[in-house]
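Spelled out from the first residue to the last, the chains are:
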Amino acid sequence: MEITLQYVSPELWSRPEGWTAVGLIGRQALAYDPERRPFLVGEGEPQPLDADEVNASLYPAIEAAASRLWPSGWAAPLSDVFKLDRRAVTPSRIGKKGLPPRVLRALASLADDDEAASRGYLLVALARYVDRYSYPRQGLEESRDDVRRDVDACMDALLDARRRGPIFPSRRTEADED
């Protein structure tokens, strides 16, 4: 069974309320019900899949998506960003237990971009920031406004500092002369 983690449009692959679609198997969607049981959805009624077979086939799909986000090594960032035990992202553990559907869905949608690696760096930075400075003092959702404010402040400072180009005399450009 070949699984591809990618965004699965609800308009193209309808699924019951509360189910999590994480990718494709052939031309049908792989979705999980709220009890974390895998199903094939897309044509007619959802078809149950063997969880052991799905889990055994997940590792190459996870590796492909995660490598787009973190090309220089994905196990540690995946674990850190999604708060997974490091052992949970090993090939043998994924083959037995899979990963939570919400993590598979996030991985699929974030990796589906030409600039996925830049998203990977940003995810690590945001996760570290939230873990250290916001969450757990406040709930994770309540931290959202603080994170936005701080990201905006950092981006404004970065843009302002870089607006005039390099600041080292040895690297001056014609644009620095005006």
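Thresholds applied
Residues numbered from 1 in each chain as written. Predicted model: local features only at pLDDT ≥ 70, side-chain atom pairs only at ≥ 80, totals over all residues. Heavy atoms only, no water. Core = buried A, V, L, I, M, F, W, Y, C linked by side-chain atoms within 4.5 Å. Buried < 20%, exposed > 50% of the residue type's maximum accessible area, 1.4 Å probe, protein only. Helix = DSSP H or I, 4+ residues; strand = E, 2+ residues; numbered from the N terminus. Contact = heavy atoms within 4.5 Å. Axes fitted to C-alpha atoms, helices over the stretch in contact; angles between N-to-C directions. Parallel < 35°, antiparallel > 145°, perpendicular 65-115°, else oblique. Left-handed = near helix turned anticlockwise from the far one by under 90°. Nonpolar A, V, L, I, M, F, W, Y, C, P; charged D, E, K, R; others polar. Pairing = 2+ DSSP bridges. Salt bridge = Lys/Arg side-chain N within 4 Å of Asp/Glu carboxyl O. Phe/Tyr/Trp six-rings, centres within 6.5 Å; stacked < 30°, edge-to-face > 60°.

Enquirer: Give me the lowdown on the nonpolar core, citing residues and values where you can.
Expert: By size, the foremost hydrophobic cluster in this structure holds 34 residues, and its most contacted members are Leu5, Ile62, Trp70, Leu78, Leu99 and Leu107. Sorting the residues of this core by element identifies strand E1 (3–5), strand E2 (20–25), strand E3 (28–32), helix H1 (51–69), helix H2 (75–81), helix H4 (101–111) and helix H5 (116–134) as the ones contributing at least two each. When residues in this core are grouped by element, the largest group, eight residues, is from H1. Beyond its immediate stretch of four places on either side in the chain, Leu78 contacts Ile62, Trp70, Leu84, Val89, Leu99, Val103 and Leu107.

Enquirer: Break down the packing of H1 against H4 for me, with residues and values.
Expert: For the pair H1 and H4, the least separation of the axes is 9 Å and the interaxial angle reads 45 degrees. Between H1 and H4, the crossing angle belongs to the class labelled oblique. For the pair H1 and H4, the crossing hand works out as left-handed. Contacts from Leu58, Ile62, Ala65, Ala66, Arg68 and Leu69 in H1 reach Leu104, Leu107, Leu110 and Ala111 in H4. Of the residues that constitute the contact of H1 with H4, the class distribution is nine nonpolar, no polar and one charged.

Enquirer: So what about the pairing of E3? Which residues, and what values?
Expert: Taken across its five residues, E3 has five buried, putting it largely inside the fold. With five bridges connecting them, E2 and E3 associate as antiparallel partners. Residue pairing across strands places Thr20 opposite Tyr32, the latter belonging to E3. Sheet topology note: the E3/strand E4 (residues 38–41) ladder contains four bridges and is antiparallel.

Enquirer: Describe the pattern of salt bridges, and please don't skip the residues or the numbers.
Expert: Taken as a whole and judged by the stated rule, the model has six salt bridges. Residue Glu35 pairs with Arg37 through a salt bridge whose shortest N-O separation is 3.2 Å. Salt-bridge contacts for Asp85 lead to Arg87; the nearest nitrogen and oxygen are separated by 3.1 Å. One network of salt bridges, in which partners are shared, links Asp33, Glu35 and Arg37.

Enquirer: An account of the packing of aromatic side chains is requested, with residue identities and associated values reported.
Expert: Under the criterion given, the structure shown has two aromatic pairs. Note on Trp19 and Phe39: the rings are 4.6 Å apart at their centroids and 40 degrees apart in plane angle, and the pair reads as tilted. With Trp19 in the loop between E1 and E2 and Phe39 in strand E4, this pair connects stretches of sequence that are 20 residues apart. Taken together, a centroid distance of 5.8 Å and an interplanar angle of 50 degrees make the contact between Tyr59 and Trp74 tilted. Of this pair, Tyr59 sits in helix H1 while Trp74 sits in the loop between H1 and H2, and the two are 15 residues apart along the sequence.

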